[in-house]
Every structure is written in structure tokens, then in C-alpha cells.
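# Analysis of the macromolecular model
Here is how the chains run, residue by residue.
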Amino acid sequence: MSKRGKRGVASFQKNYKEEDYKVEFDQNNRPVGAMSSPFMSWFGLKVRQTFPYHIDTKKFDTNRWEELWLDAKRLWNIKTDRPKKFMLRKAKKLCTKFRSRLVINYVNKGKRPFQKYAYLDPAHWDEFVQKKTSKEFLDISEKAKASANVNTNFSRLGRTGYAGLDAKADTIWPILEAKYSYLKNIQDKRAKAWIMSQKIKNPETNSYELAPESHEKVERLVRTEREMIADGSYFTGKDDPIIRVMGREHGGRTRAVSEVIGSTNVYGGLFNNGKKRARNGDSLDVNEERGSVSLVDNISSPGFCALVRLKLTPCELLFPFQLSDELTVAIGQIWPTSDRFPHGKLIDDGFVKVQVDNVIEGCEKMPILEVTKTDDIKCVRDMLHSFVQWPWDALKIVNKDKSNRLVSAPRMDLSLGSSSHTGVLPQTQTGDVAATSCYHPGPEIEEDDPNELQMPNQQNIDQMSFMNMLMQVQELPEKQMPNTHAPNSDLEFIDPEVTTALERTKTRPRAIQGMVDLLSRCVGDNHSILISSPARMYPQTVQDSIPYVELLQLFSNDWLDISVIHWFAMYFYETHNSQCAFFNPHHIKGDSCTKNPEGVQEHIIDMFMFHTDKTFFLAPYLANDHWTLIVICPSTERGYIIDSISRENDQHSYLLTSVIDEAFGFPFLWDMVNCKQQKNGWECGFMVIKNMYEFVNTIQHDFPIKLWNEKGCLPQKEIDKLILDLTPQFISRVFPSAQVW
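Residues numbered from 1 in each chain as written. Predicted model: local features only at pLDDT ≥ 70, side-chain atom pairs only at ≥ 80, totals over all residues. Heavy atoms only, no water.

Let us now look at the pairing of strand β15 (residues 616-623). Across the 8 residues that make up β15, a large majority, 8, are buried. As paired strands, strand β14 (residues 580-582) and β15 are joined by 3 bridges and run parallel to one another. Within β15, the residue paired with A581 across the bridge is F617. Looking at chain direction, β15 and strand β16 (residues 626-633) are connected through 7 bridges and run antiparallel. Note that in β16 the partner of L622 across the bridge is W627. Where β15 hands over to β16, the hairpin turn is made up of 2 residues, of which N624 adopts a positive phi near 55°. (Buried < 20%, exposed > 50% of the residue type's maximum accessible area, 1.4 Å probe, protein only. Helix = DSSP H or I, 4+ residues; strand = E, 2+ residues; numbered from the N terminus. Pairing = 2+ DSSP bridges.)

This part is about unusual backbone geometry. Positive phi, close to 60°, is recorded for H385, a residue that is not glycine. Residue R536 is not a glycine yet carries a positive backbone phi of 70°.

For the pair helix α2 (residues 62-76) and helix α3 (residues 84-107), the least separation of the axes is 11 Å and the interaxial angle reads 115°. For the crossing formed where α2 meets α3, the hand is right-handed. Listed contacts from α3 to W65, E66, L68 and W69 of α2 are K84, M87, L88, A91, K92 and C95. (Axes fitted to C-alpha atoms, helices over the stretch in contact; angles between N-to-C directions. Left-handed = near helix turned anticlockwise from the far one by under 90°. Contact = heavy atoms within 4.5 Å.)

Right, let's talk about the nonpolar core for a bit. Counting residues in hydrophobic clusters, the biggest one holds 93 residues, and the most contacted among them are L554, F582, L618, L656 and M692. Sort the elements by how many residues they give to this core and helix α19 (residues 562-573) lands first, with 10 residues. Setting aside chain neighbours within four positions, we find L656 in contact with I588, C593, V600, I604, A619, Y621 and I630. (Core = buried A, V, L, I, M, F, W, Y, C linked by side-chain atoms within 4.5 Å.)

Turning next to the sheet that holds strand β18 (residues 669-672). An order of β14-β15-β16-β17-β18 is seen for the 5 strands of this open sheet, with the pairing classed as mixed. Edge positions in the sheet fall to β14 and β18, since each has one partner strand and no second. Between one strand axis and the next, the sheet turns by 25° as a mean value, whatever way the strands run. Relative to the sheet, α19 contacts β14, β15 and β16, its axis offset from that of β14 by approximately 155°. Together, β14, β15, β16 and β17 (638-642) form the strand contacts of helix α23 (residues 684-697), whose direction differs from that of β16 by roughly 20°.

Now for the pattern of salt bridges. The tally for this structure, following the rule as stated, stands at 18 salt bridges. With a closest N to O distance of 2.6 Å, E637 and K85 form a salt bridge. Pair noted here: E637 is in the loop between β16 and β17 and K85 is in helix α3, with a separation of 552 residues, a long-range link. With a relative accessible area of 23%, K85 lands in the partly exposed category. (Salt bridge = Lys/Arg side-chain N within 4 Å of Asp/Glu carboxyl O.)

A few words now on the pairing of β16. On a regular strand, each side chain points to the face opposite its neighbour's, so the side chains alternate between the two faces of the sheet. For β16, a buried count of 8 out of 8 residues is recorded, marking the element as mostly surrounded by other parts of the structure. Here β16 shows no split at all, with H626, T628, I630 and I632 on one side and W627, L629, V631 and C633 on the other all buried. Judged from the 5 bridges that link them, β16 and β17 form a sheet pairing that is antiparallel. Along β17, the bridge assignment pairs V631 with Y640. Counting the residues that bridge the hairpin from β16 to β17 gives 4 residues, and of these E637 lies at a positive phi of roughly 60°.

Assignment of secondary structure puts A256 in the loop between α10 (241-246) and α11 (272-280). Looking at A256, the relative accessible area reads 7%, which means it is buried. As a C-alpha pair, A256 and Y162 span 94 residues in sequence and 6.4 Å in three-dimensional space. Discounting chain neighbours no more than four positions away, the residues touching A256 are Y162, R190, A193 and W194.

We now examine the side chain of E683. Mapped onto the fold, E683 is located in the loop between β18 and α23. Although E683 lies buried, it forms no salt bridge, and the closest oppositely charged side chain, K679, sits 7.1 Å away as judged by the N-O distance. Polar side-chain contacts of E683 include one of 2.9 Å to the backbone nitrogen of N680. Those residues within four positions of E683 in sequence are excluded, and the remaining contacts are Q678 and I719. (Lys, Arg positive; Asp, Glu negative; His and termini not counted. Polar contact = N/O pair within 3.5 Å; in protein donor to acceptor, adjacent residues only side chain to side chain.)

If you want it as C-alpha cells, here you go:
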């Protein structure tokens, strides 16, 4: 212990100038800056003075907490409510700790605290002592002590906690690094923070050193990080050295961050440093937190070599249970893996995202790995025309020999694949391999052609405006890439569902048919359109593929696929002066809320932290083949459910609402909005498009004065008008050379 001894009771008697009463908060809403320590001293004293010690924290009236926060805002010139939740959780923790100190230092020793804590009311002391010496309390206390004795990871922090420690890191870490040479190689920021929390100040040298009992654990952290870097697990974004050495985080607190911030609420994600490096294929020195180790140079796992693959690569999928035989069960393409979420699930280590174009005859019923299976994919046959994750060591890269490039392989009957909602893509021929092309109009380009259309790297994608990847097609020389968007009145589509959908549009109004004709001429022989999210819509650029048959359903009164709704969300995101962000509909589906609620919560918090400048968050929510729009306003803790089949539903009818409550750590006040209802079973997707459009363009600017208050059903003519108004925007962005009236 240092010479100063124990910390005394905070009295906050120092006089500060009025302009000094200002406190700042970091991205995790922790108080920081020069006045953070005085602020926390005042806050702790205010909590003890405001909340009676003899009443359990859970029994305090809600208004007391509100008044505490308003007092803090007024005195300390806090202009935003963003730190409110953190500070109120902190207040509750302070109440609990203070009562524990009263029990340990006074009740258990037969003493009274009023000489030291003059502001406490003596009238309730006997009641407090009786409660804390009851058998019920002592039984609970024994269990708590047993649990606490298991914890050996104590930290040595001041009133400002890890936020205050971060501010001193530039001073503390070099001292520890100079004293303990093995710390020089450690890179993980959270591990560094925990190690610094083990510091003590030597009274003789007046310098920092590690507490003797912490040496073994610190050395384990250093060793574990080195092992994780060597095997590649450091970059997967699933855990870190702290988790490996000390175990999983418990709810409501995060080691080396805060005792009142849950691991899913940490700004930017708890392990996102490693995860982002892995997805982008970047070196680690971007933030100078994890050294300058290169992924490609230092990861021996073949799966991670694939993470820097920037273009579609034809491949054979080998039978994964017996690699020595090299039995090919399917043909496909390895996808650029900036999006590592096929079927809403992060790709496992050593696996890559593969697009399956053809299944080898006789292998249809062969088994697949459990990690590859989904609700719809149980064996090799089910993978056709789908994206799957496949082990890297069970893939064989196909050599694109020029002499074989134009040798045709028999086309598979697309009707044998999965439903149209899986996203059927156009087929091209590459040797004996039936591969797919993600919107590459024009003839095939020789392998050494400098104008070959390639997948742009992640850095370039982030700077591209909406649909720029597709627009690259227009920039290639005409002699290499002739325009295939010219009118073609004799289009022949192999997909029978496309043919059926086109037939259905012939019964629609003339204006609708004209839009379909224009779209058909633009699409040509392609069965899918690849789209990219606008800059800053998501933390990383997301790509989606819209099957042509799903686009046609916009014009034929049919159920709308998730990729179509996603495009409209992308389009609405770019609305001028908008305060709206969007959750990715692929990540918040009903089945994801059931099977992977933690993953949904992570996406919600990631988006909330990424868009601190936005007021509203829109969630196009698909559950049980029904579309609903959910809008939340975190600053007011209100949520709005806009459902075209509301009946007697309430907030509990939607899994996503409870996941949102859990993600934010408090219950939203949910409102069922009076909106137009649907007549039939197919309109829900159109209703979500309508409601997103109205909210982004008008309602958000007069919120909450202006909200939906509609009755009746949405007429067919209004749905048609909506599509005729919005579809030209899609065509003009995807096909800039098209003449849209």
C-alpha cells in the first residue's frame, strides 16, 4: 500500500469555479477528462445522500433515479442523455457497495457509522442491522462470499475506473514495459488495460510495478496471445487472451472495460479489432494496437489465407470426410470473404464462403459437415445454387486453362435447385466447370485481359457510392465489353420461374408492363443482380444478390424476397438530411432471434454504436414469412411496431422486440401503430417499403407529432403507384445507361 493510506470519505468540499463544472464522456459513456475524478466523487456522495441506506436498491422509485440524473446534468453542464444509462447503472452499483461496506465495517463489528457519515439517518439503523443479521440475509451472504472467493482477478483502480486508467496509459505502460521485458510483445489493448490494473506504486522508488500475485496471470496472458496469433484464432473476433485465461464474461460487466457495461454493449464490439483485421485482410498496424504483424505472413491456417481473396475463384468441393480420395462432390466458386455471414452465421475458422453451382451426379445424397448444415441444407443435393461454408482444405482450385475456357458443360436444370428465395445466379462456362457470374455482361474476357472486371478490394468498396461496383461495367472499353443492355425482344430465360413471372406481369396495367420490359432489356441473360450497401450504412460494406425472379415479383403481386427489401433499405438510407439508420434484415430475422439471439444483439449494438449521429433505427423484420417494420428511438427509449396484420398483437408477439430490450439493457416502451392493413397474403413486403419510404421522407422530420394513424386497407392502385415511383430509381442506379422515363 502506498504512503497515503486508505482513501477517505468523499466530501466534495473543494470550491470549483462555475466554468469547471464540465465533464466529458468516452464512447462507452464513461466519464473522462480532468474533471472526471471530482465528478465521480460528487456523484458517489450524491448517491449516498439521496438514497436511504435501509431500502434495497430495487425498491427505489424510478423518479429518484431520474432526479439524480437531472441534478448531474444541471450541475455538470451535461448536454446529452447518452451517458444516462451507464451512470444510473453505476449509481445502483454504488448503492449496493455502500451497503456492503456498512455491513462489513459497522454491523459485523457492532459499531455505528454516523460519526463518519453524518448525513445518514440514525432512525433506521436498528432496522438495517436487524435485516442484515437475519438468517435469510446471512445465507445469501455466505453464498456471495463463496462466489467472491473464487475471483482472483482483482484490479486496483481509482474512482474513475478503467476510463481513468486509459487516460494514464501513456505514462503507466512504458514504465511497466521497461521493468518487465516480456510485456514488449503484447499487442491486445484489453489485455494491456487489465495488466495496468494490476499495478502498485512502490513507496521507495515511487514507480509503478506489478503486484506480486499478478505475475503468473500476466505471463499467461502474454503466452496465450502469442499462441493465438500463431494459430490464427486471434483474428477471428470470437474471443481474446482475457477470455482464454480468465473465462467467459458474465452479464452486466466486462473485464478491463467496466463493471456495469455488458460485453455486448462495449463500443465497437468486444473483439472487433481482431475480427475487422481478419475480414479486411489488413495488417494489424492500422491502430498501432496490435503491432504490424501481417495476416498472410503469420497465419498458418489456410482458412485465413482465403480471407484476402479478392475475386471469385472457381473450385471443386471435395468430400470433407475423406480428403485423401479427393472425391469431388460439387462445383462452385470461392467468394471474396468481406461478407463472412452466409445464412446469418459467422464463418468458422478454416472455412470459406462458397457458391455452389453444380452437384456431381451420384453425390446428391452424400453427407456434409454439421457446420455446413442449415434449416434447408442437409446433404450435398441441398447446396445447389446456395452459399455455404466449406472447409478450405476440402477445396480444390480449378486451373482456368485458356484452351478449355469455351468447352461447355451441360447446364443444370435450375428448377431442381432451391426455391427462388435462395438467389439463383446466371451460369457461364469455364472449362468443364459450370460456374456462375455475378452480373458480368458481355462476352468472356481472356485471363490476361487487363480490363477484366474484378471484385474491388475492401478499401475501395468503402469509398464507392451506391452501386458503383456494377457501374464499373460501363467504364470498360466497348471493344472489350460491348453494351448488352440494348433492346432484345426475343429474350429467353432458362429459369422457368422467370418465365412464369414474366407471364404473370402481362395481365398488369400497361405502365407496369412497360417497366418490366425496360428491366428485362437491362438485365439480359443475367439471373441475378449484385448490389452493395452505400458508404457508412454498415460498419463494413455488405453485398447482396437480388435474383431476377424476385425483382419481377415487384410487378406481379407476389411475396417479396429479403434481398429486394434490403435494396430499398439501402436506397432509403441515402435520403438527404436523414436521421435514420437501418438494421440489416438478414441479421435480425425471426429464426435468428430464436436460434442466435446473441448474434442479433451484437448486430443491433454494433449498428447503434456505429451510428451515434442517428436518431432512429429502422428494422425491416421478417418472421414466419411475414414482413413488419419496427422503428426504435433509443434516446427516448420508445419503439414503434408498424404491422399490416396487427390483429390483437402486442410487443410480445415479436421476438425482435425482446432481443432489442436485452441488447440495450432496458425495456423500451413499445407502441402498436395504426397503419394500413393488407387484404391478402402477399402485400406485407410492399407495406414495409411504403412505411419505410414515408418515415424517411416525412415522418422523421415531424416526429413524434406526426405518426401513422390510418384505417382500412391499402388499395392495389396505391401499391402500383409506389412501385412505379420507386423502381425507376433502382434501374437508373444499377443500369446508368438505361433510358428511364
